Amino acid sequence: ATSEKVAFGYYVDGRITAMLGTHTHVPTADNRVLPKGTAYISDVGMTGARDGVIGVKYENVLKKFLDPEAKFKNEPEEEGALQINGVLIETSDNGKAVRIEKLYQEILN
């Protein structure tokens, strides 16, 4: 949960340069530098197919949602745009974060 990630971010604040969360595959809008100098974001986001369900063909995911007994094929989406998510972190000479900026690039197939 994002609340657990935020709490952990404050726990490690000042002891590490950056705390970068992941797993939901959707970038969050909470990037910031915490008070003691740790760059933080709950979810950086994913790199892969934009026009699917977290990179998987949406048709396959919909079948599973609509029929729990259906077999699920975890096939990557190969059509449409690609997305690249990330962050850029600027640090001081002592390793503390000064700035964290979200990066997003869309590449049309």
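For the structure itself, look to the data block above.
Now for a look at the structure at hand. (Residues numbered from 1 in each chain as written. Predicted model: local features only at pLDDT ≥ 70, side-chain atom pairs only at ≥ 80, totals over all residues. Heavy atoms only, no water.)

### Describing the sheet that holds strand 1 (residues 18-20)
Then, number 1: Read across the open sheet, the three strands follow the order 1-3-2; overall the sheet is mixed. Edge positions in the sheet fall to strand 1 and strand 2 (32-33), since each of these pairs with one other strand and no more.
Then, number 2: Sheet topology places strand 2 next to strand 3 (residues 39-41); two bridges connect them, and they run antiparallel. Within strand 3, the position partnered with R32 by the bridge is Y40. (Pairing = 2+ DSSP bridges. Helix = DSSP H or I, 4+ residues; strand = E, 2+ residues; numbered from the N terminus.)

### Topic: the pairing of strand 5 (residues 82-91)
Then, number 1: Pairing between strand 4 (residues 48-49) and strand 5: two bridges, direction antiparallel. Across the sheet, G48 pairs through a bridge with Q83, a residue of strand 5.
Then, number 2: Taken together, the 10 bridges between strand 5 and strand 6 (residues 97-107) define a ladder with antiparallel strand orientation. For T91, the partnering residue across the bridge sits in strand 6 and is A97.
Then, number 3: Between the antiparallel neighbours strand 5 and strand 6 lie five residues, among them G95 with a positive phi of about 85°.

### Looking at the nonpolar core
Then, number 1: Formed by A39, I41, V44, A97 and I100, the largest nonpolar core amounts to five residues.
Then, number 2: Sorting the residues of this core by element identifies strand 3 and strand 6 as the ones contributing at least two each.
Then, number 3: Dropping the residues within four chain positions of it, I100 is found in contact with L20, N31, R32, V33, A39, Y40, I41, V87, L88 and I89. (Core = buried A, V, L, I, M, F, W, Y, C linked by side-chain atoms within 4.5 Å. Buried < 20%, exposed > 50% of the residue type's maximum accessible area, 1.4 Å probe, protein only. Contact = heavy atoms within 4.5 Å.)

### A word on the side chain of S42
Then, number 1: Structurally, the position occupied by S42 is in the loop between strand 3 and strand 4.
Then, number 2: The class of S42 is buried, set by a relative accessible area of 1%.
Then, number 3: A polar side-chain atom of S42 sits 2.4 Å from a polar atom in the side chain of D30.
Then, number 4: Separated by 2.7 Å, the side chains of S42 and Y40 make a polar contact.
Then, number 5: Residues in contact with S42, not counting those within four places in the same chain, are T2, K5, V6, G21, T22, T28 and D30. (Polar contact = N/O pair within 3.5 Å; in protein donor to acceptor, adjacent residues only side chain to side chain.)

### Re a nonpolar patch on the surface
Then, number 1: Judged by side-chain polarity, V53, I54, Y58, L62, F65 and L66 come together as a nonpolar surface patch covering roughly 650 Å² of accessible area.
Then, number 2: In this structure, I54 sits in the loop between strand 4 and helix 2 (58-66).
Then, number 3: Owing to a relative accessible area of 47%, I54 belongs among the partly exposed residues under this scheme. (Patch = residues over 30% accessible without salt bridge, like charges linked within 9 Å, V, L, I, M, F, W, Y side chains within 5 Å. Areas by Shrake-Rupley, 256 points an atom, 1.4 Å probe, with all protein chains shown as cover. Salt bridge = Lys/Arg side-chain N within 4 Å of Asp/Glu carboxyl O.)

Remember, this is a structural readout, not a statement about activity or role.
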